[in-house]
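Residues per chain, in single letters:
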Amino acid sequence: MEVWAVEAGISAPHLRVADFGGLRGMAATADIEAGEPLVSLPIGAALLVTPKQRCPFPDFCSPAFYASKPCRAFSGPYGGPPWRSRAKLAAALVAGGVGSVTALHVPLEQVLNGAVAAALFNLIYDYLLSQRVKWYSMVPWLDLINHRGTVESTVEYEYFRDRFVASTTSRRFRKGEQVLISYGPQSNDSLLQFYGFVEAGNPHDAYRVPDLAARARAAAASMGLKLQAAPSGASSIGSAPDTAGTLTRGGPDEHTLAAITAEVASARPSADGVTAVQRALEVAAALCDAELDVLGPVDRPRGAAPQLQSARAAAAAAFRHEKAAVLQDCARACRQRAKRKTP
Ligand SMILES: C[S@@+](CC[C@H](N)C(=O)[O-])C[C@H]1O[C@@H](n2cnc3c(N)ncnc32)[C@H](O)[C@@H]1O
């Protein structure tokens, strides 16, 4: 494979395939500075799905499935066709034009007008496409690097070199260390669904609270607060199209905090000097505690059990463990923020 990589023009001078506790990944063979390219490869070495492309194997997968895009593949903003394709198009236009003038005796002005219109249409079409769509790609060597949500990394398409270049922007790797990139700011739900693993301490993980209105009210009640009864269908949250809320390690997201604030605005007794948002944060913390109770004990299985467990059961246990950690962090953050004058 390494011979093939060299022949294909793939350059990853400081990486080698290595095993990290049973997980294959890439190790640094020398110190790598932040910003230094990790992998660089010609676009021809990657398997690309571009926006204009039709399903190349309709017998293997339906065109509709193909059009829905394989989410596990690396994706990035569509950079338009490489300059070589544009050069070929230009050459075809010139050849067609010359042929039309000499063989078909079409007036030169007419041919030039047509060629300019075709070139412009192509450029505008690609420009508009590149604003809206992504291309998806399987990228050899780059696809051997594992994920860490805290690493900042980029994968760029260099138009004139016609290459993908991946680098990290936030950190250096020491010789022998595992080299990691970020697959994007993804929750564990998304990582588990699309990549089959759960990231411990994932900074982008979140906990979804279904039926936020009812649970916020129940949390408020558990704190001894009395709320005006919400007439059915009149809940500030219940009337919104999405009735779920999102709790992150830093507290409820903006929408969720606003919704809880509105839901508990009528809370009595109203404590002196406590703003509506501070009250909502206290309720959010109680809501986290209640969700933790629902989750129950979520310790990772210990002892000999992990080896005996199926990978699926282990992933489910890790997933629950991480969700509990998100709730604990969220409750802590809410309580800290509720103490501040401007939470
Ligand atoms: C792009 S590949 C990375 C290379 C892969 N480990 C291999 O051996 O081919 C993505 C897959 O690697 C694994 N992976 C990546 N990052 C991981 C992590 N932080 N923890 C566990 N598995 C990870 C997952 O199985 C994921 O679907």
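Residues numbered from 1 in each chain as written. Predicted model: local features only at pLDDT ≥ 70, side-chain atom pairs only at ≥ 80, totals over all residues. Heavy atoms only, no water.

Colleague: If you had to explain the overall build of the chain to someone new, which residues and values would you point to?
Modeller: Counting its secondary structure elements, the chain contains 10 helices and 13 strands. Buried positions account for 38% of the 343 residues belonging to the chain. Sequence-distant contacts in the chain: of pairs separated by 6 or more residues, those separated by 24 or more amount to 73%. Carbon and sulfur atoms make up 59% of the accessible area of the chain, which amounts to about 19,500 Å² in all. (Helix = DSSP H or I, 4+ residues; strand = E, 2+ residues; numbered from the N terminus. Buried < 20%, exposed > 50% of the residue type's maximum accessible area, 1.4 Å probe, protein only. Contact = heavy atoms within 4.5 Å. Areas by Shrake-Rupley, 256 points an atom, 1.4 Å probe, with all protein chains shown as cover.)

Colleague: Just give me the short version of the site of the ligand, but keep the residues and values in it.
Modeller: Around the ligand, a shell composed of 11 residues is seen, among which Arg24, Asp143, Asn146, His147 and Tyr195 lie nearest. A distance of 2.7 Å is found between an oxygen atom of the ligand and a side-chain nitrogen or oxygen belonging to arginine 24. Here an oxygen atom of the ligand sits 2.7 Å away from a polar atom, N or O, in the main chain of tyrosine 195. Protein contacts shield 74% of the accessible area of the ligand, which totals 570 Å² for the unbound molecule. Breaking the shell around the ligand down by element, the ones donating at least two residues are β2 (23-28) and β7 (146-147). Its residues assigned to classes, the shell around the ligand comprises 6 nonpolar, 2 polar and 3 charged. (Near = heavy atom within 4 Å. Polar contact = N/O pair within 3.5 Å; in protein donor to acceptor, adjacent residues only side chain to side chain. Nonpolar A, V, L, I, M, F, W, Y, C, P; charged D, E, K, R; others polar.)

Colleague: Outline the sheet that holds β2, listing residues and values.
Modeller: Sheet architecture is open: 4 strands sit in the order β1-β2-β10-β7, paired in mixed fashion. Whereas interior strands pair on both sides, the edge strands pair on one side only; in this sheet they are β1 (15-20) and β7. Here β2 pairs with strand β10 (residues 178-181) via 2 bridges, running antiparallel. By the bridge assignment for β10, alanine 27 is matched with glutamine 178. (Pairing = 2+ DSSP bridges.)

Colleague: Summarise the packing of aromatic side chains; cite the residues concerned and give the values.
Modeller: Following the criterion strictly, the structure yields 4 aromatic pairs and no others. When the centroid spacing of 5.7 Å and the interplanar angle of 85° are considered together, the rings of phenylalanine 57 and phenylalanine 60 count as edge-to-face. Between tyrosine 183 and tyrosine 195, the ring centres sit 4.8 Å apart and the planes meet at 40°, which makes this aromatic pair tilted. In this pair, tyrosine 183 is assigned in the loop between β10 and α5 (188-195) and tyrosine 195 in helix α5, connecting sequence segments 12 residues apart. With a relative accessible area of 19%, tyrosine 195 lands in the buried category. (Phe/Tyr/Trp six-rings, centres within 6.5 Å; stacked < 30°, edge-to-face > 60°.)

Colleague: Outline the packing of helix α6 (residues 212-222) against helix α8 (residues 276-295), listing residues and values.
Modeller: A packed helix pair is summarised by two numbers, namely the angle formed by the two axes and the spacing between the axes. For the pair α6 and α8, interaxial distance at closest approach is 8 Å and the crossing angle is 100°. Here α6 lies roughly perpendicular to α8, going by the angle between them. Between α6 and α8, the contacting residues are Leu212, Arg215, Ala216, Ala219, Ala220 and Ser222 on the first element and Val283, Ala286, Leu287 and Glu291 on the second. Taken together, the residues of the contact of α6 with α8 break down into 7 nonpolar, 1 polar and 2 charged. (Axes fitted to C-alpha atoms, helices over the stretch in contact; angles between N-to-C directions. Parallel < 35°, antiparallel > 145°, perpendicular 65-115°, else oblique.)

Colleague: Which residues make up unusual backbone geometry, and what are the values?
Modeller: Although it is not a glycine, histidine 105 adopts a positive phi angle of roughly 60°. Tracing the chain through its elements places histidine 105 in the loop between α3 (83-102) and α4 (108-132).

Colleague: Provide a residue-level description of the sheet that holds strand β3 (residues 37-42), including the pertinent values.
Modeller: In spatial order, the strands read β3-β9-β8; together these 3 strands make up an open sheet with antiparallel pairing. Bordering the open sheet on either side are β3 and β8 (153-158), each of which pairs with just one other strand. Each adjacent strand pair in this sheet contributes to an overall mean axis angle of 15°, direction not counted.

Colleague: Describe a nonpolar patch on the surface, and please don't skip the residues or the numbers.
Modeller: Residues Val116, Leu120, Leu123, Ile124, Tyr127 and Leu128 make up a contiguous nonpolar surface patch of roughly 600 Å² in combined accessible area. Examined against the element boundaries, leucine 128 turns out to sit in helix α4. Relative accessible area serves as the criterion here: at 47%, leucine 128 is assigned to the partly exposed category. (Patch = residues over 30% accessible without salt bridge, like charges linked within 9 Å, V, L, I, M, F, W, Y side chains within 5 Å. Salt bridge = Lys/Arg side-chain N within 4 Å of Asp/Glu carboxyl O.)

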